[in-house]
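So you can see what is in the structure, the chains are spelled out below.
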Amino acid sequence: VSLDRENSWTLAELSDFVGAQLRGDGKLKIQGIATLQDANASQLAFLSNPLYRPQLKTTRAAAVIMSAEFEKDFSGSALLHENPYYAYARLTSIFASPNTKTCENKVAIASTAVISGRAKIASACTIGAHTVIEDDALIEEGVSIGAGCFIGAGTHIGAGSYINANVSIYHDIVVGKRCVIHSGVVIGADGFGFAPHAKGWEKIHHLCSVKIGDDVELGANTCVDRGALTDTVIGEGVKVDNLVQIAHNVKIGEHTVIAGSSAIAGSTEIGKRCMIGGGVGIVGHISIADGVTVTARTLVTKSIKNPGSYSSGAPLMPSADWRKSAVRFSHLDEMHRRLKKLENKAEKK
Amino acid sequence: VSLDRENSWTLAELSDFVGAQLRGDGKLKIQGIATLQDANASQLAFLSNPLYRPQLKTTRAAAVIMSAEFEKDFSGSALLHENPYYAYARLTSIFASPNTKTCENKVAIASTAVISGRAKIASACTIGAHTVIEDDALIEEGVSIGAGCFIGAGTHIGAGSYINANVSIYHDIVVGKRCVIHSGVVIGADGFGFAPHAKGWEKIHHLCSVKIGDDVELGANTCVDRGALTDTVIGEGVKVDNLVQIAHNVKIGEHTVIAGSSAIAGSTEIGKRCMIGGGVGIVGHISIADGVTVTARTLVTKSIKNPGSYSSGAPLMPSADWRKSAVRFSHLDEMHRRLKKLENKAEKK
Amino acid sequence: VSLDRENSWTLAELSDFVGAQLRGDGKLKIQGIATLQDANASQLAFLSNPLYRPQLKTTRAAAVIMSAEFEKDFSGSALLHENPYYAYARLTSIFASPNTKTCENKVAIASTAVISGRAKIASACTIGAHTVIEDDALIEEGVSIGAGCFIGAGTHIGAGSYINANVSIYHDIVVGKRCVIHSGVVIGADGFGFAPHAKGWEKIHHLCSVKIGDDVELGANTCVDRGALTDTVIGEGVKVDNLVQIAHNVKIGEHTVIAGSSAIAGSTEIGKRCMIGGGVGIVGHISIADGVTVTARTLVTKSIKNPGSYSSGAPLMPSADWRKSAVRFSHLDEMHRRLKKLENKAEKK
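How each quantity is defined
Residue numbering note: each chain is counted from 1, following its sequence as written. Chain A is the first chain written and ligand 1 is the first ligand written, with later ones labelled in order. Given that this is a predicted model, residues contribute local features only at a pLDDT of at least 70 and side-chain atom pairs are listed and counted only at 80 or more, while totals for whole chains, interfaces and linings are drawn from all residues. The basis for the side-chain values is all heavy atoms of the structure; hydrogens and waters are excluded. Only strands that DSSP links by at least two bridges are regarded as paired with each other. Helix and strand labels come from DSSP, where a helix needs a run of H or I of at least four residues and a strand needs a run of E of at least two; each type is numbered from the N terminus. Each residue gets a pLDDT score, which is the predictor's confidence in that residue and runs from 0 to 100. We call two residues in contact when some of their heavy atoms are within 4.5 Å. When the copies are superposed, the least-squares fit draws on C-alpha atoms of residues that have pLDDT of at least 70 in both. In what follows, salt bridge is the name for a side-chain nitrogen of Lys or Arg lying within 4 Å of a carboxyl oxygen of Asp or Glu. Joining two parts hides part of their accessible area as seen by a 1.4 Å probe, and the buried area is that hidden amount summed over both. Within 3.5 Å is the distance limit for a polar contact, defined as a pair of N or O atoms, with the added protein rule that one can donate a hydrogen and the other accept it, and that residues adjacent in sequence qualify only through two side-chain atoms.

> Describe the pairing of strand β21 (residues 194-197) of chain B, and please don't skip the residues or the numbers.
Residue and element names in this part refer to chain B. Relative to strand β22 (residues 200-203), β21 runs antiparallel, the two being bridged by four bridges. Counted as the bridge partner of F194 is K203 from β22. Taken together, β21 and the strand that follows it, β22, pair antiparallel across an intervening segment of two residues.

And the structure:
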């Protein structure tokens, strides 16, 4: 995507870019994307959630990305696509601020970066100011590393990955191609493993690595610990939100997504294409099948063998009512015994 | 507040500073603040929680900040104030360590900072060592930025704000005046938005910004994501604790406070003067009225339309008892059916 | 531990190092540690969990660390030790990658570090590139500080501590000897304290410190706030995982361990040798006895006076079933009243 276009494209160009069927005026100049409600006459909007279908009648958008099934509801220019939300997502890459692409004043390799003579930096990389890259690190073609990052010895960053400012990646880690790593992420710290003995706890040095597949995104301040005697593995296409804890030896299958503030304890394996909600906890040493959904704030305490949706927790209530239910929860077993006793009595008659 | 006083003030000066009514010896030298129990004869103490009223008889404090209603319990010097806790809070600013004010060896703009020629830095700013400020950033008067920070292109920091070491602020963000941002905070990372398609997930580039009002404080390692098609907005006077996740498009009303390790999912709106306890989760796309209190570790799963206190969860129990209640929880619907059956039987007689 | 041995030791040397009883060929060359299942003929394995005892028959390991009680199950070379897991933990220190020891290209004090002339750096310290050390900081003998760290004025780091890249330690903090601090940790930010007044919230400046004992480990992106009028204290030998929030004035007793994503609110005291599971929340102003275990994701809402295991929460269920139980939870008090009524009726007969 060329950025010297000043964000002005014709509707026909956008249609080609996203593989849509163009209806209406292909020469329309488009300067941005917005919601159906907010879009102005130079912006593109999209209809994905059918709830917003009535807004097709009132939108001022220059054109709308939509599914062919709603075509009759709208008289203006349109990009018809079988997956309008996906088409919208792809088009956002065109309209992203050029500022997302600056990396320390656009100098390719900042003079203040400290790069070991034994590190290898491929062509077309951008290395931000004050970033430190240690011995034998390998930075493949087209990688962008923001300011103030630390890349440990022997670590390998795959082609086209984009690492934002102030990321810390320990030694001997592998990050795949086209990954996006947000600020504050820490990859490769020691896992939380200590052996008890008479005087306290003996540290277990973690001898293995973290292997991150291609097209992975890790949100701000997320942590991925290195493995003890086996690697921590994050599969291709996995997306992880902010402030997520991924412990030592965890394996996460391809294309699984994990929302913010979740935590996965050591040695647990999560399948492919799972959807883990926000604030979910998953205990250690269990496994979760492919295609499992876990709703927000659930604690997964045992292995899940079948796809489907799983939950735990108690519902939101006014605090005064909640206190009463909470007291009864702590007497549930007694309540059950009393119920059983009544049933026995009733049966005898 | 002058810092060359070596932290020695007279009681009369402190009384003036905080707008209290002085009782006793205004010439007393005060060198610090402490609790009623710990204060020595050169320190000021305060009485806010009536539970500590008996300590008025035993404290060795030079003087006590207190409400006039307790005046008769104490024979020493006093600062009478209708809100003693507020008066205490204001006075802490006087006794804060001068070390809080050092920023990279007191050099105004560190020689090792990398600042774009296109950024604007107003007068009386302190910029720490190795901080990076990108093109077109605007740093207003009297801003302090600690060491190792990243300020993205086009970002605007309001007058008098204090940004601690190792903070990452992406491009095109607005931070208000007199804000305090603690170390490790990340503002403006992409929200967690991906469109599903046959081969995985397509990234949604987040085209909007984060707008933070005046007098906001963000705790260490807290994250605030940028909006997709609308800004993420944090209102004036909002206070956020450590390790809090604030997702894309969230709006938080003025003077709301959010305790540590909470998480707010995308597009949710929180009212003014709410009090959100620690570890709270709030799902996406809902709204919470002004003046709502949410107790610690609650999961808010639906909109809250009325002020008041809300909770969820189950109570703390010894693990052995808890296991029994937890089993019964999973059979609650069956228990209810059995109860209903007994009621029907009883009614027929 | 010498690192120029290229990770090759004899079994006899390892036996001496860990104080085991050697059985078999002491001259065997050992080049690493692995699990019973994965070990090759030049690696050492260990048996700690009796579940893995059958693997003694099939392992290809050069030798096995094990308890004498299983000696007869295994015909090869062995290191007999009463605590095989502890012996394994100690041996990991020998086989850790030499890369864990590099710190900015092995320069002792990086030329790009900015160190106040008033700071004191003892002998044998390593200071990483772009690290900033402020006035009057004291770095004791043999400390390693990674790249991009901030060490505030007056802060004291004990001998032999290892601080990874991009750590932020505010002013006037004390870190003990032989501590390990992982990347992204923030120590000494202001606690979350504000006094309400008519126009909003007045900041309480936190005048005290954080005191961290010897042999403490803090995981990546964990936060420990400074105290208001008393110090935040972390006892000797405490181990804290990633993304944990430790609020102002908290005291944690010796050798307590706290798993990832937990949060401890202000002024709470936790005893010695407690085990706090992952994602646990502990409210403020309570105390927890020595030797308490808290299971994963529990919310501790009141003081715990006796050792033992404590839990809260509701069990994992398929979402469809869970919805029914959750509805009944909100009517538990009503269910209890209906049960009581039936009991009264039954008694009258």
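After presenting the structure, the write-up continues.
> Summarise the confidence of the model for chain A; cite the residues concerned and give the values.
Any region with low pLDDT has predicted coordinates that should not be read closely. Residues and elements named next belong to chain A. Mean pLDDT over chain A works out to 94, with 95% of the residues at or above the 70 mark. Contacts of residues 1-5 to residues separated by more than four positions or lying in other chains number eight contacts, the stretch itself having pLDDT below 50. The ipTM, which scores confidence in the relative placement of chains, is 0.94 for this predicted complex, and the corresponding pTM is 0.95.

> Any chance you could break down the relation of the copies chain A and chain B for me, citing the residues and the numbers?
Screw-axis analysis of chain A against chain B gives a translation of 0.0 Å along the axis, an RMSD of 0.1 Å, and a rotation angle of 120 degrees. One copy is carried onto the other by what is essentially a three-fold rotation axis.

> Tell me what's going on with the sheet that holds strand β4 (residues 32-33) of chain B, and back it up with residues and numbers.
Either a parallel or an antiparallel arrangement is found when strands of a sheet pair, and the pairing is made through backbone hydrogen bonds. All names here are of chain B. Across the sheet, which stays open at both edges, the five strands sit in the order β2-β7-β6-β5-β4 with mixed pairing between neighbours. This sheet does not close on itself; its edge strands, each paired only once, are β2 (21-23) and β4. Bridging between β4 and strand β5 (residues 43-46) involves two bridges; their strand directions are parallel. For G32, the partnering residue across the bridge sits in β5 and is Q43.

> Give me the lowdown on the pattern of salt bridges, citing residues and values where you can.
Between side chains of opposite charge, a pair can form as their charged atoms come close. All names here are of chain C. All chains considered together, the criterion is met by 42 salt bridges over all chains. Of the charged contacts, one joins R118 and D135 as a salt bridge, the two residues approaching to 3.6 Å between their closest N and O atoms. On the criterion of sequence distance, the pair formed by R118 in the loop between β8 (114-115) and β9 (120-121) and D135 in the loop between β11 (132-133) and β12 (138-139) is long-range, its members being 17 residues apart. Where E140 meets K177, a salt bridge forms, and the shortest distance between an N and an O atom there is 3.0 Å. Of the two residues, E140 sits in the loop between β12 and β13 (144-145) while K177 sits in the loop between β18 (174-175) and β19 (180-181), which places them 37 residues apart along the sequence.

> So what about the interface of chain A and chain B? Which residues, and what values?
How big an interface is tends to be stated in terms of accessible area lost as the parts join. Facing 72 residues of chain A, the contacting portion of chain B comprises 80 residues. Buried surface at the junction of chain A and chain B, both sides included, amounts to about 6,100 Å², of which 61% is carbon and sulfur. For the chain A face of the interface with chain B, the top three residues by lost area are R297, L316 and F329 of chain A, together amounting to 13%. Remark: the boundary between chain A and chain B carries four salt bridges. Measuring nitrogen to oxygen at the nearest pair gives 2.7 Å for the salt bridge that ties R338 of chain B to E343 of chain A. Inspection of the region where chain A meets chain B yields 27 residue pairs in polar contact (both at pLDDT 80 or more). Looking at the side of chain A that touches chain B, the elements with two or more residues in it are α2 (84-95), β27 (239-240), β30 (257-258), β39 (317-318), α3 (319-330) and α4 (332-348) of chain A. If one sorts the elements of the side of chain A that touches chain B by residue count, α4 of chain A sits on top with nine residues.

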